[in-house]
Amino acid sequence: LLNREPQSRDALANLMWSEYDQSHARAALRRTLSVLNRALGGNFLDADRETITLANHARLHVDVAEFRALVARARADAAQCIAHLTAAARIYRADFLAGFSLRDAPNFDEWQFFQSENLRRDFSTALEQLVRHYFSADEYSTSMEYARRWLALDPLHEPAHRALMELYAASGQRAAALRQYRECARVLGKELGVAPLEETTRAYEEIKSSNRRVRGQNAAEEKNFLFPISSAPTPFVGRAQELKNILDAYANTRDAQWIVIEGEAGIGKTRLAEELLRRARAQNAAIISARCYEGETQLAFAPFVQTLRAAFNHSRDRVMQLPVALLAEAARLLPEIAARRADLPAVPPLDNAGAQARFFESIAQIFSALAPRIFFIDDLQWADESSLDLLAFLLRRAHGERILFLATWRSEEIRRAHRLRGLLANFLREKRATVISLARLDRAAVQEWIYAIDHLPNDALELLYRETEGLPFFVAEYLAALAQSNHALDWSLPPSARALIESRLARAGQIESQLLTAAAIIGRSFDLDTLRAASGRSEEEIVSALENLIAQGLIREERAAYDFTHDKFRALVVEQTTIARRQLLHRRVAESLLARGRGEIRARASQIAPHFLAAGAEREAAHYFQLAGDHARDLFANAEALAHYRAALALGDGDAAKLNEGIGDLQTLVGDYRAALAAYESAAARQKKSARIEHKIGNVYQRRGENEIAAEHYRAARAALGRARAPAERARICADVSLAAHQRGDHKAARVAAERALVFAKKTKDARALAQTHNLLGILARQRGELNAARVHLETSRALAEKLNDPNAQIAALNNLALVVRARGDHAHAIALTEHALKWCVQIGDRHREAALHNNLADLFHASNEPARAMDHLKHAVAIFAEIGGEEKTSLPEIWKLVEW
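These numbers were taken from a predicted model, which means no experiment stands behind them.

Criteria and thresholds
- Residues numbered from 1 in each chain as written.
- Predicted model: local features only at pLDDT ≥ 70, side-chain atom pairs only at ≥ 80, totals over all residues.
- Heavy atoms only, no water.
- Helix = DSSP H or I, 4+ residues; strand = E, 2+ residues; numbered from the N terminus.
- Rg over C-alpha atoms; globule rule 2.2 N^0.38 Å.
- Buried < 20%, exposed > 50% of the residue type's maximum accessible area, 1.4 Å probe, protein only.
- Contact = heavy atoms within 4.5 Å.
- Areas by Shrake-Rupley, 256 points an atom, 1.4 Å probe, with all protein chains shown as cover.
- Pairing = 2+ DSSP bridges.
- Axes fitted to C-alpha atoms, helices over the stretch in contact; angles between N-to-C directions.
- Expected span 1.5 Å × (residues − 1).
- Parallel < 35°, antiparallel > 145°, perpendicular 65-115°, else oblique.
- Left-handed = near helix turned anticlockwise from the far one by under 90°.
- Nonpolar A, V, L, I, M, F, W, Y, C, P; charged D, E, K, R; others polar.
- Patch = residues over 30% accessible without salt bridge, like charges linked within 9 Å, V, L, I, M, F, W, Y side chains within 5 Å.
- Salt bridge = Lys/Arg side-chain N within 4 Å of Asp/Glu carboxyl O.
- Phe/Tyr/Trp six-rings, centres within 6.5 Å; stacked < 30°, edge-to-face > 60°.
- Core = buried A, V, L, I, M, F, W, Y, C linked by side-chain atoms within 4.5 Å.

Caption draft 1: Seen up close, the overall build of the protein chain. Broken down by element type, the protein chain carries 42 helices and 10 strands. Relative to the compact-globule value of 29 Å for 901 residues, the protein chain shows a C-alpha radius of gyration of 33 Å, a close match. Residues classed as buried in the protein chain amount to 48% of the 901 residues present. Considering only contacts in the protein chain between residues 6 or more positions apart, those separated by 24 or more positions represent 64%. When the accessible surface of the protein chain is split by element, carbon and sulfur atoms take 51% of a total near 43,800 Å².

What follows is the structure in structure tokens.
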């Protein structure tokens, strides 16, 4: 396609199958050409014994050819140069063959690399010309768009950084221009260990010292103002209707109600909640409150630990009078209880549903004993999964009690697919929930706020409203800075509170600034021990400095921990810290977490890895990201495990084959089969002739319903075993070969493969292989109508799976056994078995099989004359099936037909 010239068979064979000898390479080429000609209907290639070429009548659109033609026209036609380059930039959406590679084909890799580099070079030149053209025409937004694409091609390219800096400055975004320089310095320092060029630094200094204006800005707006404003508490303005809605819900609470206050960061969610709590306290209402933190999403039950500890410290005698069994369960979260009561009974580990249910019920009883009128959780978007499970239990368990659950969360963090949305939807349907969505304050509300403090001229109000855009946090910070400033503030600053926060941070002393930097690098609420390890200061210095920072309103104390009064303070401190200092502090924090986490490194790995990464210790970061992924995977936290593995893989210092294999396993569970295949192929490229990887690739194709392709990979898996005896592996491969044959209707081949699997499984006495083989034999026996034999095989498979504690094998055996029981007419038993399988499936996160189980339950409830429950499961099944396969789902109808496996 690219050069339209005849290609010799030997050259193509050597390009793509260089690891084979000539005869085998040409044979592989022949097979490929056969498949390709069938797929294309024989219309596009002309081939003889020695050469292959594109047919003369083939009329194909090739984006690469069009891109190159447009670039050539731009060079030849100055008058239409920009039009041609604009069209070329529109075509170039990704690099040449982005995401595609051939396994063990270094010659092809080299050819692909040089093609890609030549195209990137042409694209970079085109973008530079477009940036310069639109910049000179004062069309800054268009020029910025091309400049960002230019920089995205190579984040180390300083001319692209300088272009963006100049564009930001010319359009009046001076702070953005300065941030772009810092980003340039950060990237160059991290990747190359060098500082920006003198030319880039000189541009930065010019922008920093200049007073560039936005075009059309009124010079009168740039004058300085100084207004005496009192430091009175933040007034409550602009939320009268929202407060009325909350007070009405609170006053009318006869059953457990859930109120959610949502909105963007800094919108005033906590302030509104505190107004309700203030009025409730005036009525002597009992209140329990907790807060979630951004860096603690991996810490199990973190907000409930806060709550119990506060109750323990406030009402210790009352808590210690609770029944011993409840105290024993509470001691899981609060060890100090056990320290005061030596007679607490031992509690079983939380390794099964029963133990977890008892634990949740005990916590619910403790809450009931404390008799709160309001239970408030702030920043619920950062709650860990375990806390969400417990919260859901408490919300349902409190049915009939007169209690108000109050929560705030950032709407941008709680997307449509977030589990909190589903939980909220259920309570809204039951009319037991209220959602308060906060918008930014309008001009009248900002004016009311200002008048509640002191009077400002109308032109100052307009400037304040323009700078803050009605975001309450920015309004508060702007007014606080004016109150404390003895000099004029520059109203020409860009629409941001950055300068205001800087002015407050600047008042901190040397030791206080050092502690702020160390605390910001920790990245979450911090304790004295971690702060001491990171800062290198003595405990007395730290305590004294913290007291000053609390008095300045930069830090707040929360029981045994500390935090910034707003995350924007933390973000700005980090931004102003040099790269070298950041790396040093991140390493100190990582080493402190390591030293304090001996014996629980895997559990702490998700906290340790980002600090090593930020410290520039990529090898250590990759190691701990991989450990964090392994730990999350053990807990069936698939999304977290996937993120950790990807982070480790991106660093390039981990076991790439193992990481890609793990990513493939997780993508298979979530039903993203295209991504799973890509990950397995990458793993296979690093492990020649891996039977395990070929087997897994076959399993993915089988899930997609492409059983013939699956069978090819199963054959490749057997071939990769070579002469190795490996009876357990052979048994499992044969079992899957049998299943693939059964699903494509070749029952004779399925039975032969199943019998071979049984021979290998018995030879090795491997329990997992035996469980899989008996499951398969049960499937085949049911298909023949031999229900007794099917039940024996499947009961055997289930027993082996339970002994192994293998959830995948248990799910399969339970589901297939339910199908046998259903065929006998015992719908109640079949429902129980399928529901048991569904619980396991939800726990491990296998979305495709979860959909199939919901579908099977829909059939069972329909047959049991329970249409409402049948429809509920059918809706669940359809919703999940629609997610499986991604963009390919319409071309893979077999995905929707899964019943047994």
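So that's the structure; there's more coming.
Caption draft 2: Region of the structure containing the environment of isoleucine 831. If you trace the backbone, isoleucine 831 turns up in helix 40 (residues 827-844). Taking the C-alpha atoms as reference, isoleucine 831 lies 12 Å from valine 820; in sequence the two are 11 residues apart.

Caption draft 3: Local environment of the pairing of strand 4 (residues 257-263). Of all seven residues in strand 4, seven are buried, a share of seventy percent or more. Burial along strand 4 is two-sided: Gln257, Ile259, Ile261 and Gly263 and Trp258, Val260 and Glu262, pointing in opposite directions, are all buried. Pairing of strand 4 with strand 7 (residues 404-410) involves seven bridges; the strand directions are parallel. When the bridges of strand 7 are listed, isoleucine 259 appears paired with leucine 406. Bridge count between strand 4 and strand 8 (residues 433-437): five bridges; the pairing is parallel. Each residue of the ladder has a partner; that of isoleucine 259, found in strand 8, is threonine 434.

Caption draft 4: Main features of the sheet that holds strand 8. Taken in spatial order, the five strands of this open sheet run 5-6-7-4-8, and their pairing is parallel. What marks the edges here is a single partner per strand, and that holds for strand 5 (287-291) and strand 8. Sheet twist, expressed as the mean angle between neighbouring strand axes with direction ignored, is 15°.

Caption draft 5: Representation of helix 8 (residues 174-191) within the structure. Taking 1.5 Å of rise per residue, the 18 residues of helix 8 would be expected to cover 26 Å, and the 26 Å separating its terminal C-alpha atoms lies within 8% of that figure. Within helix 8, burial applies to Ala175, Ala176, Ala177, Leu178, Gln180, Tyr181, Cys184, Ala185, Val187 and Leu188. Backbone geometry just after helix 8 places glycine 193 at a positive phi near 70°.

Caption draft 6: The sheet that holds strand 1 (residues 7-8), seen in detail. What the three strands build is an open sheet, ordered 1-3-2; its pairing is antiparallel. Where the open sheet ends on each side, the last strands, each with one partner, are strand 1 and strand 2 (45-47).

Caption draft 7: Region of interest: the packing of helix 4 (residues 81-91) against helix 5 (residues 106-136). At a minimum axis separation of 10 Å, helix 4 and helix 5 run at an interaxial angle of 125°. It follows that helix 4 is oblique to helix 5 by the angle criterion. In the crossing of helix 4 with helix 5, the sense of the turn from one axis to the other is left-handed. Together, Cys81, Ile82, Leu85, Thr86 and Ala89 of helix 4 and Phe123, Ala126, Gln129, Leu130, His133 and Tyr134 of helix 5 make up the contact between the two elements. Broken down by class, the residue content of the contact of helix 4 with helix 5 amounts to eight nonpolar, three polar and no charged.

Caption draft 8: Here's a closer look at a nonpolar patch on the surface. A cluster of nonpolar residues, Met871, Leu874, Val878 and Trp896, forms a patch on the protein surface that exposes about 330 Å² of accessible area. In this fold, leucine 874 is placed in helix 42 (residues 867-881).

Caption draft 9: View of the pattern of salt bridges. Tallied over the full model, the rule gives 48 salt bridges. With a shortest N-O distance of 3.1 Å, glutamate 262 and arginine 421 are connected by a salt bridge. Residue glutamate 262 is located in strand 4, and its partner arginine 421 is located in helix 18 (residues 419-429); the two are separated by 159 residues in the primary sequence. Residue glutamate 262 is classed as buried on the basis of its relative accessible area of 11%. Residue glutamate 430 is joined to arginine 432 by a salt bridge in which the shortest nitrogen-to-oxygen separation is 3.3 Å. Classification of arginine 432 as buried rests on a relative accessible area of 7%. Among the charged side chains, a salt-bridge network with shared partners connects Arg633, Glu661, Asp665, Arg692 and Lys696.

Caption draft 10: Representation of the packing of aromatic side chains within the structure. Across all of its chains, the model carries 25 aromatic pairs by this definition. Note on phenylalanine 301 and phenylalanine 360: the rings are 6.3 Å apart at their centroids and 85° apart in plane angle, and the pair reads as edge-to-face. Here phenylalanine 360 lies in helix 16 (residues 353-370) and phenylalanine 301 lies in the loop between strand 5 and helix 12 (302-314), a separation of 59 residues in the sequence. An aromatic cluster is present here, built from Phe96, Phe100, Phe108 and Trp111 joined pairwise through their rings.

Caption draft 11: Region of the structure containing the pairing of strand 7. Buried residues dominate strand 7, accounting for seven of its seven residues. Burial of the side chains of strand 7 extends over both faces: Leu404, Leu406, Thr408 and Arg410 are buried on one face and Phe405, Ala407 and Trp409 on the other. Direction of pairing for strand 6 (residues 374-378) relative to strand 7: parallel, over a ladder of four bridges. Paired with phenylalanine 376 across the strands is leucine 406, a residue of strand 7.

Caption draft 12: Here's a closer look at the packing of helix 29 (residues 618-634) against helix 30 (residues 638-651). Across the interface, helix 29 lies against helix 30 with an axial gap of 8 Å and an inter-helix angle of 160°. As judged from the angle between their axes, helix 29 and helix 30 are roughly antiparallel. The handedness of the crossing between helix 29 and helix 30 comes out as left-handed. Residues Glu618, Ala621, Ala622, Phe625, Gln626, Ala628, Gly629, Asp630, Ala632 and Arg633 of helix 29 touch helix 30, and the partners they reach there are Glu640, Ala641, His644, Tyr645, Ala647, Ala648 and Leu651.

Caption draft 13: The arrangement of unusual backbone geometry in detail. One non-glycine residue, lysine 431, adopts positive backbone phi at about 60°. The topology assignment puts lysine 431 in the loop between helix 18 and strand 8. Located in the positive-phi region is asparagine 805, a residue other than glycine, with phi close to 55°. Among the secondary structure elements, asparagine 805 is positioned in the loop between helix 38 (787-804) and helix 39 (807-823). Classification of asparagine 805 by relative accessible area gives exposed; the value is 53%.

Caption draft 14: Inspection of the side chain of arginine 410 at higher detail. As for its position among the elements, arginine 410 is in strand 7. With residues up to four places along the chain from it excluded, the contact list for arginine 410 reads Gly263, Ala265, Lys269, Gln381 and Trp382.

Caption draft 15: Layout of the nonpolar core. Core analysis: the largest hydrophobic core is formed by 53 residues, its most contacted members being Ile811, Leu853 and Trp901. The leading source of residues in this core is helix 40, at eight residues. Not counting chain neighbours up to four residues away, the residues in contact with leucine 853 comprise Ile811, Asn815, Thr834, Ala837, Leu838, Cys841 and Trp901. By size, the runner-up hydrophobic cluster in this structure holds 52 residues, among which are Met320, Leu333, Ala383 and Phe405.

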